[in-house]
Amino acid sequence: MAKERKNWSWEETIMALSVYCTLPRKEHHGSNLEVQNLAKIIERNPDAVKMKIANFWGLDPELKRRGLRGLPHGSKMDEKVWNEFYGNWENLVYENERLVAKYTAEHAAKHPGEHVADVAENKYEIDLPQGKEREQIVRAREKQGFFRKAILSSYSEKCCITGLKVPDLLIASHIIPWSANEQQRLNPHNGLCLNALHDKAFDRGLITVSSTNYKVMLSSKIHDLKASKAVKEFFGKFDGKKIAMPEKFFPEKEFLEYHKSEIFKR
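What counts, and where the lines are drawn
- Residues numbered from 1 in each chain as written.
- Predicted model: local features only at pLDDT ≥ 70, side-chain atom pairs only at ≥ 80, totals over all residues.
- Heavy atoms only, no water.
- Helix = DSSP H or I, 4+ residues; strand = E, 2+ residues; numbered from the N terminus.
- Buried < 20%, exposed > 50% of the residue type's maximum accessible area, 1.4 Å probe, protein only.
- Areas by Shrake-Rupley, 256 points an atom, 1.4 Å probe, with all protein chains shown as cover.
- Contact = heavy atoms within 4.5 Å.
- Core = buried A, V, L, I, M, F, W, Y, C linked by side-chain atoms within 4.5 Å.
- Axes fitted to C-alpha atoms, helices over the stretch in contact; angles between N-to-C directions.
- Left-handed = near helix turned anticlockwise from the far one by under 90°.
- Nonpolar A, V, L, I, M, F, W, Y, C, P; charged D, E, K, R; others polar.
- Patch = residues over 30% accessible without salt bridge, like charges linked within 9 Å, V, L, I, M, F, W, Y side chains within 5 Å.
- Salt bridge = Lys/Arg side-chain N within 4 Å of Asp/Glu carboxyl O.
- Disulfide = S-S within 2.5 Å.
- Arc of directions from axis to C-beta.
- Pairing = 2+ DSSP bridges.

### A few points about the overall build of the protein chain
Argument step 1. A tally of helices and strands in the protein chain yields 11 helices and 4 strands.
Argument step 2. Buried residues in the protein chain amount to 44% of all 266 residues.
Argument step 3. For the protein chain, the computed accessible surface area is about 14,100 Å², with 50% contributed by carbon and sulfur atoms.

### What to know about the side chain of Asn-96
Argument step 1. Checked against the element boundaries, Asn-96 lands in helix α6 (residues 89–110).
Argument step 2. Aside from chain neighbours lying at most four places away, what touches Asn-96 is Ile-14, Met-15 and Ser-18.

### Considering the nonpolar core
Argument step 1. Counting 34 residues, the largest nonpolar core has Leu-17 and Tyr-20 as the members making the most contacts within it.
Argument step 2. Of all the secondary-structure elements, those providing two or more residues to this core are α1 (10–22), α2 (33–42), α3 (46–55), α5 (76–85), α6 and α7 (132–154).
Argument step 3. When residues in this core are grouped by element, the largest group, 7 residues, is from α1.
Argument step 4. Setting aside chain neighbours within four positions, we find Leu-17 in contact with Phe-56, Val-81, Trp-82, Phe-85 and Leu-92.
Argument step 5. Counting residues in hydrophobic clusters, the runner-up holds 28 residues, among them Leu-170, Ala-201, Phe-238 and Leu-256.

### A word on the packing of α1 against α5
Argument step 1. Where α1 meets α5, the closest approach of the two axes is 10 Å, and the angle between their N-to-C directions is 65°. Crossing geometry of α1 relative to α5 is assigned as right-handed. For the pair α1 and α5, contact is made by Trp-10, Thr-13, Ile-14, Leu-17 and Tyr-20 and by Met-77, Asp-78, Lys-80, Val-81, Trp-82, Glu-84 and Phe-85, respectively.
Argument step 2. Taken together, the residues of the contact of α1 with α5 sort by class into 8 nonpolar, 1 polar and 3 charged.

### Re a nonpolar patch on the surface
Argument step 1. Residues Leu-164, Val-166 and Leu-169 make up a contiguous nonpolar surface patch of about 210 Å² in total accessible area.
Argument step 2. In this structure, Leu-164 sits in the loop between α7 and β1 (170–174).

### Focus on the packing of α1 against α6
Argument step 1. Where α1 meets α6, the axes come as close as 9 Å, and the angle between the chain directions of the two elements is 115°. As α1 runs across α6, the sense of the crossing is left-handed. Within the contact between the two elements, α1 uses Glu-11, Glu-12, Ile-14, Met-15, Leu-17, Ser-18 and Cys-21 and α6 uses Trp-89, Leu-92, Glu-95, Asn-96, Arg-98, Leu-99, Val-100, Lys-102 and Tyr-103.
Argument step 2. Looking at the contact of α1 with α6 residue by residue, the class counts come to 9 nonpolar, 2 polar and 5 charged.

### Topic: the state of the cysteines
Argument step 1. Per the stated rule, a full pass over the model turns up 0 disulfides.
Argument step 2. With no disulfide of its own, Cys-159 lies 5.5 Å from the sulfur of Cys-160, the closest cysteine sulfur.
Argument step 3. According to the relative accessible area criterion, Cys-159 is buried, its value standing at 2%.
Argument step 4. Looking at Cys-160, the relative accessible area reads 2%, which means it is buried.

### Overview of the pattern of salt bridges
Argument step 1. If you walk through the whole model with that rule in mind, you get 8 salt bridges.
Argument step 2. Between Asp-78 and Lys-52 there is a salt bridge whose closest N-O contact spans 2.6 Å. With Asp-78 in helix α5 and Lys-52 in helix α3, this residue pair connects regions lying 26 residues apart in the sequence. Each member of the pair, Asp-78 as well as Lys-52, is classed as buried.

### What about helix α11 (residues 253–263)?
An α-helical segment advances 3.6 residues per turn. Residues three or four places apart therefore align on the same side.
Argument step 1. For α11, the full list of buried residues reads Phe-255, Leu-256, His-259 and Ile-263. The buried residues of α11 occupy an angular sector of 100° when the element is viewed end-on, so they sit on one face. Along α11, exposed side chains directed more than 90 degrees from the buried face belong to Glu-254 and Glu-262.

### Points about the pairing of β1
Within a regular beta strand, the side chains point alternately toward one face of the sheet and then the other, so they alternate between its two faces.
Argument step 1. Burial within β1 is extensive, with 4 of its 5 residues counted as buried.
Argument step 2. Both β1 and strand β2 (residues 191–195) contribute to a ladder of 5 bridges, which runs antiparallel. Among the inter-strand pairings, Leu-170 is bridged to a residue of β2, identified as Asn-195.

Shown next as structure tokens:
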């Protein structure tokens, strides 16, 4: 690994921000594989990448409210990148994917034969159309992948209603549906981490989450069936229970209000 040699560039800081958004805080360490992969392609020490990611803690308003601080020597560059891309999720995903591919190629050219397990390499090893259609499919999956990783990492890979911790059964559920608002599709504040059953119930308006106290609310269609042992077990016991809150990307109250008024079946 090359020695630390220069200030962080705009491009390197964008890639660090993307890692910040998609890793749980407990994984912000030098032995994490994603941290190591980024360190390799930009030729920095993993601990330097870890420290750069930690700088964003001090810029995140939700972590600030909880008294969590970033490292004391954050740069103006960190703040500029944060202000440019935090909230501009589509551009963040696009720029990160473009930069990872660019830096990976440059690293591979300088170090032939060395493997780099990067997210841009052989992403989808299935038959896909060629040309623009393939590019659109891959781009859509990149966006969905960012949203899922951001949501699951924020909720520590646990369903926010039941606490289920089986990643294969967890969904990054949109509060405002994907089809209803294109501008909020990638916004992690527009997501909840739900298990597959409660995701389906949320999507169908059978449950919602209050925007005032973050408690689960059941539709009358569920209440009418509460005598059923299964319904009581899977839904009734969570009625009025506050969801587990994420460590970052709190669900936007405005989005929860939309779900309650437009989708929830009272």
